[in-house]
Amino acid sequence: MTAHAQFVRPPRLATWLVNLFVSGEEESMVGDLCEEFWQIASKAGAAPARRWYWRQSGKTIAHLFCTRFRAAPGRTVAAIVGGFFVGGFVNGLPDKALSAVTDRYLLFWSSHFQAYLWVLKGMLIEHLILSMLVGCIVASVAKGGEMVATITLALVRCALIGAALLWVATHLPSDVAWMLWSLADPFAIVVGGAIVRTRRSAGRTRPLPI
Amino acid sequence: MAGRDYLGEFEHMIVLALLRLEDRAYGVTVRQEIEFRTKREVSIGAVYATLDRLESKGCVKSHRGDPTPERGGRSKRFFRVTPKGVTAVNRTQRAFEKMTEGLDLIRSYS
């Protein structure tokens, strides 16, 4: 290893992403990626090593995604279907709560319209938090396949939102910008899965610093 | 004759790489050996997925080495071929030889 290579580190984001998919016994896979990164960095420099690392990480994640799904298809599908219905139920709650409040204090909101708009924005944040919670629940159920379950659920949600967006764009074009917010929900589901996965991984033995 | 006694294409390559590498066979060396000989880019995830499958079939065994700093403190996982794996690779190799017997692949089909 050259002196220059000693200061080069594998991309942290790529390592974190791979770690989201590996189990405790597969940590040697991340070790292999690091070792080859050093080899390439000392021979060809940091930039080619980083490019190689990202390419390998992407391919490895794709493989692990399929492997995890095949390892426990029943539990993963159950978690996704359950998450879909739970998500549908809880995402409607903020709207119902807000409607109840606004209907009760109509006079107040009509004289404080800015506050009303602020509450509407707050509802979008509530949606995100609830989606993240759904992601956490799905990940907790799909033990070992946390990221597979949450990413698949997010993709299903993305497809449905995409279809809804198309419909809205043709029938109510003025509401498209408002609906774009809902694309953040699938992302929040994946974040929820990543939180659960990271917490579970934290219980494992910590590797030595590079 | 049980179908499961034959190895898939990538399994075949992995077992041959393990046999070549002997005591030095772990993720990095296996990946590099296949890439060097076949000129085909292989992901470490594919190598491990196949090695795990071969281990569950009883064709390879693995053990852990010591953690090293250049691996971020993670240990190496060494692999070796079991007698069952050697039998499987021989059977697969013979099947390929039988299937290609009498075929002039270069002249007739290129």
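Residues numbered from 1 in each chain as written. Chains lettered and ligands numbered in written order. Predicted model: local features only at pLDDT ≥ 70, side-chain atom pairs only at ≥ 80, totals over all residues.

A. Representation of the overall build of chain B. Per the secondary structure count, chain B includes five helices and two strands. Secondary structure elements in chain B, listed N-terminal to C-terminal, are α-α-α-β-β-α-α. The principal-axis extent of the C-alpha atoms belonging to chain B is close to 55 × 30 × 20 Å. A burial count over chain B gives 35% of its 110 residues as buried. Counting contacts in chain B only where the partners sit at least 6 residues apart, residues at least 24 apart contribute 49% of the total. (Helix = DSSP H or I, 4+ residues; strand = E, 2+ residues; numbered from the N terminus. Buried ≥ 20, exposed ≤ 12 C-beta atoms within 10 Å, placed from the backbone. Contact = placed C-beta atoms within 7 Å.)

B. Spotlight on the interface of chain B and chain A. Contact with chain B, which involves 18 residues of that partner, is made by 23 residues of chain A. When contributions to the side of chain B that touches chain A are tallied by element, the ones reaching two or more residues are helix H2 (27–38), helix H3 (44–57) and strand S2 (74–81) of chain B.

C. Main features of the domain arrangement of chain A. All names here are of chain A. When its domains are assigned, chain A resolves into domain 1 (3–70) and domain 2 (72–202). Look at where the C-alpha atoms of domain 1 and domain 2 centre, and you get two points 32 Å apart. Opposite the eight residues of domain 1 that make contact, domain 2 presents nine residues. Looking at the side of domain 1 that touches domain 2, the elements with two or more residues in it are helix H2 (12–21) and helix H4 (46–71). In terms of residues, the side of domain 1 that touches domain 2 owes the most to one element, H4, which gives four residues. Of the residues assigned to the side of domain 1 that touches domain 2, the class counts are four nonpolar, two polar and two charged. (Domains from an automatic or database assignment. Nonpolar A, V, L, I, M, F, W, Y, C, P; charged D, E, K, R; others polar.)

D. How the structure looks around the nonpolar core. In terms of nonpolar packing, the biggest core is built from 60 residues, with Val138(A), Ile14(B) and Leu18(B) touching the most fellow members. Residue-level mapping places this core at the junction of two domains, with at least three residues from each of domain 1 (3–70) and domain 2 (72–202) of chain A. Setting aside residues up to four positions removed in sequence, Ile14(B) forms contacts with Val30(B), Val47(B), Thr50(B), Leu51(B) and Leu54(B). (Core = buried A, V, L, I, M, F, W, Y, C linked by C-beta atoms within 7 Å.)

E. Examining the confidence of the model for chain B more closely. On average, residues of chain B score 89 in pLDDT, and 93% of them reach the 70 mark or higher. Of the two predicted TM-score estimates for the complex, the pTM is 0.77 and the ipTM is 0.85. (pLDDT = per-residue confidence, 0-100.)

F. Layout of unusual backbone geometry. A positive phi angle, close to 50°, is found at Glu22(B), a residue other than glycine. Residue Glu22(B) is classed as exposed on the basis of its 9 C-beta neighbours within 10 Å.

G. The environment of Arg12(A), seen in detail. Residues and elements named next belong to chain A. The residue Arg 12 is located in helix H2 in this model. The class of Arg 12 is exposed, set by 8 C-beta atoms lying within 10 Å. Once the C-alpha coordinates of Arg 12 and Ile 189 are considered, the two residues, 177 residues apart in sequence, prove to be 22 Å apart.

H. Representation of the packing of helix H3 (residues 27–44) of chain A against H3(B) in the model. Here H3(A) crosses H3(B) at 145°, and the two axes come no closer than 10 Å. By crossing handedness, the relation of H3(A) to H3(B) is classed as right-handed. Mapping the contact onto sequence places Met29(A), Asp32(A) and Leu33(A) in H3(A) and Ile44(B), Gly45(B) and Tyr48(B) in H3(B). For the contact of H3(A) with H3(B), a count of residues per class yields four nonpolar, one polar and one charged. (Axes fitted to C-alpha atoms, helices over the stretch in contact; angles between N-to-C directions. Left-handed = near helix turned anticlockwise from the far one by under 90°.)

I. Just the pairing of strand S1 (residues 60–68) of chain B, in detail. Residues and elements named next belong to chain B. In this sheet, S2 lies alongside S1 in antiparallel orientation, the contact comprising seven bridges. From the neighbouring strand, Thr 68 faces S2, where its bridge partner is Arg 74. What sits between the antiparallel neighbours S1 and S2 is a turn of five residues, in which Gly 72 has the positive phi angle 65°. (Pairing = 2+ DSSP bridges.)

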